[in-house]
Amino acid sequence: MKILLASSEVVPFSKTGGLADVCGALPVTLGPLGHEVIVFTPSHRGCYDKGVVIEPTGINLQIPIADRIVAGTLAKTHLPGSNVTVYLVEQADYFDRPGLYGDQNGEFKDNCERFTFFCRAVLESIRLLEWKPDLIHANDWQTGLIPTLLKVEYGDNPLYENISSLITIHNLAYQGSFWYEDLELTGIDWKYYNWQYMESYGNLNLLKSGLVFSDAINTVSPTYATEIQGIEQGCGLDGLLLERRNDLSGILNGIDVVEWNPETDSHLPFNFSADTVIEGKRNCKTDLQRQFKLYENERTPLIGIVGRLAAQKGWSLILPVMRKWLASLDVQWIVLGTGDAEYHRVLESLHRSYPDKFGLNLGFSNQQAHRIEAGADMFVMPSQYEPCGLNQMYSMAYGTIPVVRQTGGLADTVVDATPAAIENRTANGFSFTDFTPAALESTLSRAIDMYHTRGDVWQQLVQTGMRRDWSWTASARQYVDLYQRIITRTRQAHQA
Ligand code: ADP
């Protein structure tokens, strides 16, 4: 199959979140499975400094934006460690900026225009490169106009005949919602500006548009695919997603097992495997306690948290439990994260009160993220919603026991240590359902209790997590099956 994957961010060229990890890793895994994948992404500032050679193609783009023509160019490179071609869509006014979607003043005001340009550039490149894919894989709202334009504008052009489309939702909360007048920028007829197509709650909605016009939709875990069809997690698009449920599926993300492998991880002071995990983790834990100036005691349970300081991640559950436990229990905490100012303030104050029990870094540090995953005994992630989540998988690969809320990808990866799951050796962590501090506290208490009194079962959970294959291979196979199904269906529909 020939697959064109379009994404507003792709590792190593640009990244703000998991979207970039997926779009950098999935194409590399599809190659060896016998498929040709070409990736398109904007040339955001900094993409030229990633140590990958980028060459001009000499291809010029002339893209209609409202009643103007905006010029751009295509540059060519590849994903490191593979022969996957990447085309960077160059347009300095739009993409040579300090942030991908905004700066310290908030979101860029012309985001609709910027990503209209990108989507049109991708479709025009098919003609200019004379490379016709079987399927275009769009990702999130930034590429929602690709399936849209493919249907409403390019549909009659023989060059684009039979190209199927898939859109992946990485986080439904981000929808690319714009003032309705922005529709003019896209060049799409006003007849599509209604609740059935591109309008949502009085705004132009680019994700909705992509969901309406794509041949199929998927998201990054099976449970999230179900949850978003309901009002609680549907972010206003649940009705549409429910209607399209037969075209909607979920495929779990994998992790980059080259970067996240405790046996070879150069960020760690000590490397270890499933066979040497007890000693390896003990050493990493002591090192972590030292680095964060916590009192050194290998029997004191150490709870790690890495991630955005955002309400989504369940801080309204974590903070009350931390406050109570720091005052009363022999349990240590380490938090690495940045985000909402209010959480920064509360965490700083707790850190000042309990400096030898609570380590804090309100910054971004990849090295420390690796060290926390390796040195902590438990990793806490009580998310309100979680499309997939990577940290719980990193934790398990590093022999750290996840304590999570059963939602989205967390529900699909963490098996709670119930007596039955311990008995049949599937348990790999702890989980709960109620979004309350009490539910988190009782689940963490269960974990701490097992840590102190059932070392044998604890080690069984560690081994179950470490020995599972978290790599992209299984997920990439599921994407191949999905692509194949969509292509077959589109062609049959076309012939009918
Ligand atoms: P989300 O995409 O919702 O932020 P995920 O768990 O899917 O959550 O992915 C978050 C990624 O970002 C992980 O790779 C995590 O280690 C990393 N990360 C988040 N915050 C930090 C930080 N402060 N320092 C280092 N890495 C971080």
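Residues numbered from 1 in each chain as written. Predicted model: local features only at pLDDT ≥ 70, side-chain atom pairs only at ≥ 80, totals over all residues. Heavy atoms only, no water.

**Section: the overall build of the protein**
Then comes step 1: If you tally the helices and strands in the protein, you get 18 helices and 20 strands.
Then comes step 2: On C-alpha atoms alone, the protein measures out to a radius of gyration of 24 Å, which is about the 23 Å that the 2.2 N^0.38 rule sets for 496 residues.
Then comes step 3: A principal-axis box enclosing the C-alpha atoms of the protein has dimensions of 70 × 45 × 45 Å.
Then comes step 4: A total accessible area of about 20200 Å² is found for the protein, and carbon and sulfur atoms account for 50% of it. (Helix = DSSP H or I, 4+ residues; strand = E, 2+ residues; numbered from the N terminus. Rg over C-alpha atoms; globule rule 2.2 N^0.38 Å. Areas by Shrake-Rupley, 256 points an atom, 1.4 Å probe, with all protein chains shown as cover.)

**Description of the environment of F430**
Then comes step 1: Within the element layout of this structure, F430 appears in strand β20 (residues 430-432).
Then comes step 2: Spatially, the C-alpha atoms of F430 and R446 are 8.2 Å apart, while their sequence positions differ by 16 residues.

**Details of the pairing of strand β4 (residues 68-78)**
Then comes step 1: Pairing analysis gives nine bridges linking strand β3 (residues 55-65) to β4, with the strands arranged antiparallel. Note on β4: the bridge partner recorded for E55 is K76.
Then comes step 2: Linking β3 back to β4 in an antiparallel pair, the connection comprises two residues, with A66 at a positive phi of about 50°.
Then comes step 3: Note that β4 and strand β5 (residues 85-90) share six bridges and pair antiparallel. Within β5, the residue paired with A75 across the bridge is L88.
Then comes step 4: Once β4 ends, the chain turns through six residues before running back antiparallel as β5, passing G81 with a positive phi of about 75°. (Pairing = 2+ DSSP bridges.)

**Some details on the nonpolar core**
Then comes step 1: By size, the foremost hydrophobic cluster in this structure holds 94 residues, and its most contacted members are F40, V89, F117, L123, L211, L241 and Y483.
Then comes step 2: The greatest single-element share of this core, amounting to nine residues, is contributed by helix α3 (residues 111-129).
Then comes step 3: If sequence neighbours within four positions are ignored, L241 has contacts with I169, L172, L211, I217, I228, Q229 and L248.
Then comes step 4: Counting residues in hydrophobic clusters, the runner-up holds 73 residues, among them I255, F292, L317 and M396. (Core = buried A, V, L, I, M, F, W, Y, C linked by side-chain atoms within 4.5 Å. Buried < 20%, exposed > 50% of the residue type's maximum accessible area, 1.4 Å probe, protein only. Contact = heavy atoms within 4.5 Å.)

**As for the domain arrangement of the protein**
Then comes step 1: Segmentation of the protein into domains returns domain 1 (2-254 + 473-495) and domain 2 (277-466).
Then comes step 2: Between domain 1 and domain 2, the C-alpha centre-to-centre distance is 34 Å.
Then comes step 3: Interface of domain 1 and domain 2: buried area, both sides summed, is about 1100 Å²; carbon and sulfur atoms make up 55% of it.
Then comes step 4: On the surface where domain 1 and domain 2 come into contact, there are zero salt bridges.
Then comes step 5: At the surface where domain 1 touches domain 2, the tally comes to six residue pairs in polar contact (both at pLDDT 80 or more).
Then comes step 6: Residue assignment for the side of domain 1 that touches domain 2 shows that the elements contributing at least two residues are α1 (18-30) and α7 (222-227).
Then comes step 7: Examining the composition of the side of domain 1 that touches domain 2, we find that four residues originate from one element, α7, more than from any other.
Then comes step 8: Residues belonging to the side of domain 1 that touches domain 2 are distributed by class as follows: six nonpolar, eight polar and two charged. (Domains from an automatic or database assignment. Buried area = accessible area lost by both parts, 1.4 Å probe. Salt bridge = Lys/Arg side-chain N within 4 Å of Asp/Glu carboxyl O. Polar contact = N/O pair within 3.5 Å; in protein donor to acceptor, adjacent residues only side chain to side chain. Nonpolar A, V, L, I, M, F, W, Y, C, P; charged D, E, K, R; others polar.)

**A short note on the side chain of K208**
Then comes step 1: Along the chain, the position of K208 falls in helix α6 (residues 206-213).
Then comes step 2: Nearest to the buried, unbridged K208 among oppositely charged side chains is E199, at 5.1 Å.
Then comes step 3: Apart from residues no more than four positions distant in its own chain, K208 is found in contact with W195, Q196, Y197, E199, S200, L237 and L240. (Lys, Arg positive; Asp, Glu negative; His and termini not counted.)

**A look at the site of the ligand**
Then comes step 1: Taken together, 17 residues are adjacent to the ligand, and R308, K313, G363, S365 and L390 come closest.
Then comes step 2: Here an oxygen atom of the ligand and a side-chain polar atom of K313 are 2.8 Å apart.
Then comes step 3: N391 places a side-chain nitrogen or oxygen 3.2 Å from an oxygen atom of the ligand.
Then comes step 4: Residue classes in the shell around the ligand are distributed as seven nonpolar, seven polar and three charged. (Near = heavy atom within 4 Å.)

**What to know about the packing of aromatic side chains**
Then comes step 1: Within this structure, the stated rule accounts for 24 aromatic pairs.
Then comes step 2: Here the aromatic rings of Y192 and Y197 are separated by 5.2 Å at their centres, their planes lie at 85°, and the arrangement is edge-to-face.
Then comes step 3: By relative accessible area, which is 15% here, Y192 ends up buried.
Then comes step 4: Among the aromatic side chains, those forming a connected cluster through ring pairs are Y94, F95, Y101, F115, F117, W141 and F178.
Then comes step 5: One residue, R97, lies across the ring of F108, its end atom 4.8 Å from the ring centre. (Phe/Tyr/Trp six-rings, centres within 6.5 Å; stacked < 30°, edge-to-face > 60°. Lys NZ or Arg CZ within 6 Å of the ring centre and 35° of its normal.)

**Observations concerning helix α18 (residues 472-495)**
Then comes step 1: Spanning 24 residues, α18 covers 34 Å between terminal C-alpha atoms, matching the ideal 34 Å at 1.5 Å per step.
Then comes step 2: Among the structural elements, β1 (2-6), α1, β8 (135-139), β9 (164-169), β13 (216-219) and β14 (248-250) are those in contact with the buried residues of α18. (Expected span 1.5 Å × (residues − 1).)

**A short note on the sheet that holds β1**
Strand pairing in a sheet takes place through backbone hydrogen bonds and is either antiparallel or parallel in direction.
Then comes step 1: On the basis of which strands lie adjacent, the open sheet formed by nine strands has the order β3-β4-β5-β2-β1-β8-β9-β13-β14 and mixed pairing. Taken across any chain shown, the strands that pair with only one partner, and hence form the sheet edges, are β3 and β14. Averaged over all pairs of adjacent strands, the angle between their axes in this sheet comes to 25°, without regard to strand direction.
Then comes step 2: When β13 meets β14, the two strands line up parallel, connected through three bridges. When the bridges of β14 are listed, I217 appears paired with L248.
Then comes step 3: In the packing of α18 onto the sheet, contacts are made with β1, β8, β9, β13 and β14, and the angle to β9 comes to roughly 140°. (Axes fitted to C-alpha atoms, helices over the stretch in contact; angles between N-to-C directions.)

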